[in-house]
Amino acid sequence: MSLALDLALCALITGVALATVAGGGIFRAIIFFITYGLFVAIGWARLGAFDVALAEAAIGAGLTGVLLLAAHGRLRRMRTKAVAGNTGLNLPAALAGAAVAGALGWAWFALPAPSVPDLSQAMTDSGVGNPVTAVLLNFRAWDTLLESIVLLAALLGVWMLARDEDWNTPLGPRYHAQSGGVLVSFGRLLPPVGLVFGAYLVWAGAESIGGAFQGGTVLAAVGLVALMANVLPAPQISQSGLRVALVLGPGVFLGAGLVAAALGGEFLSIAPDVAKAVIVTIEIALSMSIAVTLALLVIGPPVDAEGRP
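Source: prediction; values computed, not measured.

**Some details on the nonpolar core**
The biggest cluster of nonpolar side chains holds 37 residues, and the ones touching the most others in it are Trp159, Leu246, Phe253, Leu286, Leu294 and Leu296. When residues of this core are traced back to their parent elements, those giving at least two are helix 7 (131-139), helix 8 (141-159), helix 10 (212-228), helix 11 (240-262) and helix 12 (275-299). In terms of residue count, helix 12 provides more of this core than any other element does, 13 residues in total. Every residue in contact with Leu286, bar those within four places of it in the chain, is listed here: Leu137, Thr144, Ser148, Ala212, Gly249, Pro250 and Phe253. If you look at the next biggest cluster of nonpolar residues, it comprises five residues, including Leu9, Ile13, Phe39 and Val40.

Structure follows, in structure tokens:
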């Protein structure tokens, strides 16, 4: 039964991937891409990588899918020829995908199996019980720090699409939720639950499934629902609290590395006796920055009074 489930899952992942690159129409490709992300998340869960599965479902399928749908809606409003004319087979994308698949298949059979490091000895000095958090925040902290900075750079790139005269206007389009409607009800009922769940993912990430990226994604979704329901006002770039939240995570992360170097250790090296407290502090700060950055990426750049970017 388990083998049949895995074979069916592999077939679904392959079929949906082919439909994404070979199907006609941008909207159809986006829907298949979101479906592909959900199937891949199930695949990671079947492999026991629950942290990766949660991140794939929240970021790979959820957030990325929302960004693609928002971009498609903007293209339709701009009435570009790309949306109306792209209905056939995207042969270059299909060939590129086949080439990548072939290269991965060759690597699987031709290259030697990689050596898996034994973390059992190092985990006692990492300060946390979750090996994923230990790797991301202790053993390869450089990569995680740069990832948080790249995420902030992506938001700055989106904001650069705005015109100079619109920088003092609220971010994103104007939402008009019907009073007493479903969206308003969800905007008032879901955020408290989402806040508790997001905070739990951040706190639990030190010892079990969870972490800053997973919790930050949930918190970003909470903010977006409240914003679309007009429970929260539209944010503005000029808000000082917003700017502090954006740089809080990378700033605390960088500060922890500098303090470690000033105390005689290596940059981003954490002493075992304070490792857990430092990692949890970094995770909390990162989750806040990730939540705000992801939400603002979905909202988009400032727009004028007519809703044009």
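Next, the rest of the story.
**Details of the pattern of salt bridges**
The full count for this structure, using the stated rule, is four salt bridges. Residues Arg140 and Glu147 are paired through a salt bridge, measuring 3.1 Å at the closest nitrogen-oxygen approach. The residue Glu207 makes a salt bridge to Lys276 at a minimum N-O spacing of 3.1 Å. Here Glu207, found in the loop between helix 9 (182-204) and helix 10, pairs with Lys276, found in helix 12; they are 69 residues apart in sequence, far enough to count as distant. Among the charged side chains, a network of salt bridges with common partners joins Arg140, Asp143 and Glu147.

**Describing empty space enclosed by the protein**
Applying the stated criterion across every chain yields a total of two cavities of 30 Å³ or more. What the largest cavity holds in volume is close to 50 Å³. Along its surface, the largest cavity is lined by Ser148, Leu151, Leu152, Leu246, Pro250, Leu286, Ser289, Ile290 and Thr293. Elements supplying a minimum of two residues to the lining of the largest cavity: helix 8, helix 11 and helix 12.

**Examining the layout of surface pockets**
It is the rolling of a water-molecule-sized probe over the atoms that shows where space remains empty. Of the pockets and cavities examined, the largest pocket occupies roughly 700 Å³. Lining of the largest pocket is provided by 31 residues; of these, Val66, Leu67, Leu224, Val298 and Ile299 occupy positions nearest its centre. Sorting elements by how many residues they give to the lining of the largest pocket places helix 3 (residues 50-78) first, with eleven residues. In terms of residue class, the lining of the largest pocket is built from 24 nonpolar, five polar and two charged.

**Concerning the packing of helix 1 (residues 2-22) against helix 2 (residues 26-46)**
Close contact between helix 1 and helix 2 brings their axes to 9 Å; oriented N to C, the two are set at 155 degrees. For the element pair helix 1 / helix 2, the angle class is roughly antiparallel. Crossing handedness for the pair helix 1 and helix 2: left-handed. Of the residues in helix 2, those in contact with Ser2, Leu5, Asp6, Leu9, Leu12, Ile13, Val16, Ala17, Ala19 and Thr20 of helix 1 are Ala29, Phe32, Phe33, Thr35, Tyr36, Phe39, Val40, Ile42, Gly43 and Arg46. Grouping the constituent residues of the contact of helix 1 with helix 2 by class yields 14 nonpolar, four polar and two charged.

**Topic: the confidence of the model for the protein**
Looking at the protein as a whole, its pLDDT mean stands at 82, while 91% of the residues score no less than 70. Confidence drops under pLDDT 50 across residues 81-85; counting only partners more than four residues distant or on other chains, this segment forms six contacts.

**As for the side chain of Ser148**
Mapped onto the secondary structure, Ser148 falls in helix 8. A residue is classified by how much of its surface remains accessible, and Ser148, at 9% relative accessible area, is buried. Among the polar contacts made by the side chain of Ser148, one reaches the main-chain carbonyl oxygen of Leu145 at a distance of 2.6 Å.

**Here's the deal with the environment of Ala141**
With respect to the helices and strands, Ala141 occurs in helix 8. Owing to a relative accessible area of 3%, Ala141 belongs among the buried residues under this scheme. Beyond its immediate chain neighbours, meaning those up to four positions away, Ala141 contacts Val135, Leu136, Phe253 and Leu268.

**Some words on the side chain of Thr20**
Relative to the assigned elements, Thr20 resides in helix 1. The exposure class assigned to Thr20 is buried, which follows from its relative accessible area of 18%. Not counting the four nearest positions on each side in its chain, Thr20 is found in contact with Ala29, Phe32 and Phe33.

**Considerations on unusual backbone geometry**
If you check the backbone angles, Leu268 has positive phi at about 70 degrees while not being a glycine. Mapping Leu268 onto the fold places it in the loop between helix 11 and helix 12. Using a relative accessible area of 6% as the deciding quantity, one classes Leu268 as buried.

Rules behind the numbers
- Residues numbered from 1 in each chain as written.
- Predicted model: local features only at pLDDT ≥ 70, side-chain atom pairs only at ≥ 80, totals over all residues.
- Heavy atoms only, no water.
- Core = buried A, V, L, I, M, F, W, Y, C linked by side-chain atoms within 4.5 Å.
- Buried < 20%, exposed > 50% of the residue type's maximum accessible area, 1.4 Å probe, protein only.
- Helix = DSSP H or I, 4+ residues; strand = E, 2+ residues; numbered from the N terminus.
- Contact = heavy atoms within 4.5 Å.
- Salt bridge = Lys/Arg side-chain N within 4 Å of Asp/Glu carboxyl O.
- 1 Å grid on protein atoms, 1.4 Å probe; cavity = no way out; pocket = protein on both sides within 12 Å on 5 of 7 lines; lining within 4 Å.
- Points joined across faces, edges and corners; volume = space filled by probe spheres on them.
- Nonpolar A, V, L, I, M, F, W, Y, C, P; charged D, E, K, R; others polar.
- Axes fitted to C-alpha atoms, helices over the stretch in contact; angles between N-to-C directions.
- Parallel < 35°, antiparallel > 145°, perpendicular 65-115°, else oblique.
- Left-handed = near helix turned anticlockwise from the far one by under 90°.
- pLDDT = per-residue confidence, 0-100.
- Polar contact = N/O pair within 3.5 Å; in protein donor to acceptor, adjacent residues only side chain to side chain.

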